[in-house]
Structure formats: structure tokens, C-alpha cells
Amino acid sequence: MGRVILVLNAGSSSLKFSIFEAGGCGVLSAMAVGQVEGLGTAPRLKARGADGQVIVDQRWTTSELANHAQALQEIAVLLRSRFAGQELAGVGHRVVHGGPDYSAPLLITPQAMEKLATFVPLAPLHQPHNLAAIRAVQEARPELPQVACFDTAFHRTQDTVAQLYGLPYEYYERGIRRYGFHGLSYEYIAATLPDVAPEIAAGRVVVAHLGSGASMCAIRDGRSVGSSMGFTALDGLMMGTRPGNMDPGIILYLLQQEGMSARDVENMLYKRSGLLGLSGIGNDMRVLQDSDSPRARLAIAHFVYRINRELGGLAAVLGGLDALVFTAGIGENSAHIRRLVCEQARWLGIDLDPAANEQAGPRISSAGSRVSAWVVPTNEELMIARHTRKLLGL
Ligand code: ADP
């Protein structure tokens, strides 16, 4: 009987999953990838097999499938029906926050769960869902080993200087510091560069993870030395619905002068800002690229402007730049955004090869470019599966 690893990534209204073959020490391959989305509104389970064919596409009413635990039951049904010959050997979870100390994945124990719950105030919109998925597995299959893989862990190699805010020091000790996120994505890219782009793998690299959430990370010799995201995933670049870095005085103004509540401000910062807020059209980059609206163009121009500001800052942190790597939904798929970014970064020594850019590289800079540019698809689920296999000794 073959053994499989289930990878779970629980969001507020979705439960993404991947099923990996666990056996042997060879390359891990995904046998199925899917998600239950629309929890609380219009639940739907959709999954594809290794060949990309849809293996299940099912919908429910909200009352039939209301929460993560029920979503997990449906994934279990899928496992039993489509992968009947396989034994589930363990579950790996994406957990957004590992706090100041966890710099590596963690085997879940009751003590570990208590500790992870203390990080809920640091990521109130994400951490509770991640922990709910772990609890749901515990209840359904208490004997199954589970592993938490943190989005913050990869950044724990950063210097204290890079993690500080200029607040009274006691707040640093109380946990108000730059954590950085998208760590599983950056770790995957750092692990992949020796194969895809060996000439830059040990160099000074900035990776731009441009998805609905977006951030950038300065990596030297495979380790994180700086990141655009900080205490929360609101910092840094402008994103689909989040503003990114902004004057904290704006928040005081909104609270004190505009009479907004903390909840209103939170809603605006997480859900109504960024590409959506500026364009007034939406947060999907494809829609904005196809639009003639001046506000869509303005939103894209600001998105690119902010990437370049951050690129300059992270290049300074690295003391120079050898390569820029694009990844995630926009980074991997939008030749237009990559071209705009690289054109603005010419001064840094990036010379784009337009044809290579249209084909998504992997190398998209000219042969003579002093600083090279690349497209490297990310795979956070595979990173979680690797950690889970290693930690469980599978
Ligand atoms: P997340 O995993 O954070 O939800 P993704 O990494 O999947 O996000 O990225 C989603 C973003 O990628 C969306 O803004 C979407 O518009 C964008 N995207 C996907 N494909 C393309 C494309 N071909 N051109 C431009 N943007 C794209």
C-alpha cells in the first residue's frame, strides 16, 4: 500500500489541499490538488489529478457544508474514493505565524498547539483558521502526525537590526517586530535556484512574490536578510486589496478625525484598498490589464512604482544586486508587469530580453545584462510536503 501526505492551507473561506505521494526518498509528486472554497457563502469542492484533469467538482448549500471540519470530511471522502489504495501517513499545514522563535517546521503536540494559539493576536485573520484545520484533523484522526510549516520561519535568519521598529524597545520584546511572510514561497525559490539558476543561487537576490498578497524578500546565499512585509501581512508592497506600507499617521487620522472604528479601518486595510481600492474596478490583475479605465492604469502604475521603491531598498540592504526573481500569480503570468518593473529597474543594471519575457524565461534578461532577471514558479505546497516528509521520517 502506498503512502500519501496531505497538505492543507486553510484560509477564512477556503481550504486548499494537495495530496503527495510520500514513499521513497525520490521527488515528491502531487497526485491531486484542489480546494473547498466559498465556505459560508457557496461551498464548492474542486480538484484536479496529476494530469490536470478535473477529478471532482461538487457544490453544496451553506447549511450542508458550513465549516472547515466539514470541508475536511469531504476531502477525506475524496481520499478514500479516489486513492483507496493509499494510506494517509501525515498532514502538513501552512501556518501563517510561528512567532519570534520558530525558525523551522514543528511536529504538532498539545503543547505546540497552546503555543501557536498565543500567536493568534499577531495574525487574527489567518492563524485561527490554520489552527482550526489542525484541530479538525486531530478530532477526525487523532493518531495521525501533523506538521506546522510557518510563513514567518524563513525570515528568522534576519539580523535584529532588520527586525526592529523604531518604537520603545520594550515593544520589540513584547513581540512587535518585523516577522515577514510568504516564507514558504521564498524558501522554495531559494531551494530551487541552484537547479534553475545556479549562477545566482549563492548571490544577492531579490525575489518578488506578486500574488493577491504581494511581498519582496532580499536573499543572500539562500538566506533571508530583509523582507517588505513586517509585523503583519499589511506592510510593504501594495496588493490586491491591501495598501501596503503607509504613514501610520493615516490610521490615527481615520480613527480620530473621520470617526472610523478600529473594525472599519481593519476592513478597509485588508479588503477595500490596494488595486481594488485605487482602480474601483477589482483586484484581479488580468481585469485591470485589459481595462482602458484611467484608474486601472493608475492602480497598475502605482503597483509597479511600489515594487521599484522596495527593490531599491532591498538592493541597498544586500549591498548590491545580482538578480531579480519574479514569482506567484502576477509574477509568473504577467509579462506586462514584469516588463514595466524591469524597465524602471534599468538603472540597477537589468536589461530585459522582451522575447524571453513573453515566454516567461526562466531567464528574462539579455545575455549582457549586469543584473539578471528570472521567472521561477513557486510551490508552497511542495515545500510543506518536503518538510512534512522529512520531519516524519517518511
Ligand atoms: P494567492 O495565492 O495569493 O491567492 P496567486 O499567486 O494565485 O494569489 O495570484 C493571484 C493574482 O495573479 C491575481 O491578481 C491574478 O489576477 C493574477 N494573475 C493570474 N494570472 C495572471 C495573468 N495571466 N496575467 C496577469 N495576472 C494574473
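See the structure above.
Residues numbered from 1 in each chain as written. Predicted model: local features only at pLDDT ≥ 70, side-chain atom pairs only at ≥ 80, totals over all residues. Heavy atoms only, no water.

Visitor: Mind showing me how you'd approach the packing of helix α2 (residues 110-117) against helix α3 (residues 127-140) here?
Guide: Contact pair α2 / α3: the axes reach a minimum separation of 10 Å and the direction vectors enclose 160°. Classified by the angle their axes make, α2 and α3 are roughly antiparallel. Crossing handedness for the pair α2 and α3: left-handed. Taken together, the residues of α3 that come into contact with α2 (itself represented by Met 113, Leu 116 and Ala 117) are Gln 127, Leu 131, Ile 134, Arg 135 and Gln 138. Considering only residue class, the contact of α2 with α3 consists of 5 nonpolar, 2 polar and 1 charged. (Axes fitted to C-alpha atoms, helices over the stretch in contact; angles between N-to-C directions. Helix = DSSP H or I, 4+ residues; strand = E, 2+ residues; numbered from the N terminus. Parallel < 35°, antiparallel > 145°, perpendicular 65-115°, else oblique. Left-handed = near helix turned anticlockwise from the far one by under 90°. Contact = heavy atoms within 4.5 Å. Nonpolar A, V, L, I, M, F, W, Y, C, P; charged D, E, K, R; others polar.)

Visitor: Mind showing me how you'd approach the sheet that holds strand β7 (residues 106-107) here?
Guide: Strands pair in a sheet through their backbones, by hydrogen bonds, and they do so in one of two ways: parallel or antiparallel. Spatially, the 8 strands line up as an open sheet ordered β5-β4-β3-β2-β1-β6-β8-β7, and their pairing is mixed. Each edge of the sheet is formed by a strand with only one pairing partner; in this case those strands are β5 (54-59) and β7. On the sheet, helix α1 (residues 68-82) packs against β1 (2-10), β2 (15-21), β3 (30-37), β4 (44-49), β5 and β6 (86-95) and is oriented at approximately 30° with respect to β2. (Pairing = 2+ DSSP bridges.)

Visitor: I would appreciate a short explanation of the sheet that holds strand β9 (residues 204-210) in the present structure.
Guide: Judged by pairing direction, the sheet is mixed, and its 5 strands sit side by side in the order β11-β10-β9-β12-β13 without closing on themselves. Pairing within the sheet leaves two strands with one partner each, and these edge strands are β11 (223-227) and β13 (372-375). On average, each strand axis in the sheet is tilted by 25° relative to the strand beside it, whichever way the strands run. With respect to the sheet, helix α12 (residues 294-318) is in contact with β9, β10 (214-220), β11 and β12 (323-327), its orientation differing from that of β10 by roughly 20°. Sheet strands touched by helix α14 (residues 335-344): β9, β12 and β13. Its angle to β12, the strand with the most contacts, is close to 160°.

Visitor: Help me understand the pairing of β3, please; the structure alone is not making it clear to me.
Guide: Look at any regular strand and the pattern is simple: side chains alternate between the two faces of the sheet. Sheet topology note: the β2/β3 ladder contains 6 bridges and is antiparallel. Looking at β3, one finds that Lys 16 is bridged to Gln 35. Sheet topology note: the β3/β4 ladder contains 6 bridges and is antiparallel. Looking at β4, one finds that Glu 37 is bridged to Arg 44. Taking the residues that link successive antiparallel strands as the turn, the β3-β4 hairpin has 6 residues, and the phi of Gly 38 there is positive, at about 70°.

Visitor: I'm lost on helix α9 (residues 262-271) in this one. Help?
Guide: Because each turn of an α-helix spans 3.6 residues, side chains separated by three or four positions end up pointing in the same direction. For α9, the set of buried residues is Val 265, Leu 269 and Tyr 270. Viewed end-on, α9 has its buried residues packed into an arc of 115°, placing them on one side of the element. Seen from the buried face of α9, the exposed residues on the opposite side, beyond 90 degrees, are Arg 263 and Lys 271. Elements that come into contact with the buried residues of α9 comprise α8 (248-256). (Buried < 20%, exposed > 50% of the residue type's maximum accessible area, 1.4 Å probe, protein only. Arc of directions from axis to C-beta.)

Visitor: Explain the side chain of Arg 94 to me, please; I cannot follow it from the model alone.
Guide: Within the fold, Arg 94 resides in strand β6. Of the polar contacts made by the side chain of Arg 94, one reaches the side chain of Glu 380; its length is 3.2 Å. Excluding anything up to four places from it in sequence, Arg 94 contacts Leu 8, Asn 9, Asn 130, Cys 149, Asp 151, His 182, Leu 184, Glu 380 and Ile 384. (Polar contact = N/O pair within 3.5 Å; in protein donor to acceptor, adjacent residues only side chain to side chain.)

Visitor: How should I be thinking about unusual backbone geometry in this particular structure?
Guide: Cis rather than trans, the peptide bond between Gly 361 and Pro 362 has omega equal to 20°. Non-glycine residue His 182 carries a positive phi angle of around 55°. Assignment of secondary structure puts His 182 in the loop between α5 (169-173) and α6 (183-196). Residue class for His 182 comes out buried when judged on its relative accessible area of 10%. The backbone phi angle of Ala 360 is positive, close to 60°, even though this residue is not glycine.

Visitor: What should I look at first to understand the side chain of Asp 151 in this one?
Guide: With respect to the element layout, Asp 151 can be found in the loop between β8 (146-150) and α4 (160-163). Not counting chain neighbours up to four residues away, the residues in contact with Asp 151 comprise Arg 94, Val 95, Val 96, Gly 180, Phe 181, His 182, Gly 183 and Leu 184.

Visitor: It is not clear to me how the pattern of salt bridges should be interpreted in this structure. Could you clarify?
Guide: Two side chains carrying opposite charge are able to pair once their charged atoms lie near each other. Summed over all chains, the structure comprises 11 salt bridges. Arg 286 is the partner of Asp 284 in a salt bridge, and the nearest nitrogen-oxygen pair spans 3.1 Å. Asp 284 gets classed as partly exposed once you look at its relative accessible area, which sits at 27%. Overall, Arg 286 belongs to the exposed group, its relative accessible area being 61%. Between Asp 351 and Arg 346 there is a salt bridge whose closest N-O contact spans 3.1 Å. Via salt bridges that share partners, Arg 94, Asp 151 and Glu 380 belong to a single interconnected network. (Salt bridge = Lys/Arg side-chain N within 4 Å of Asp/Glu carboxyl O.)

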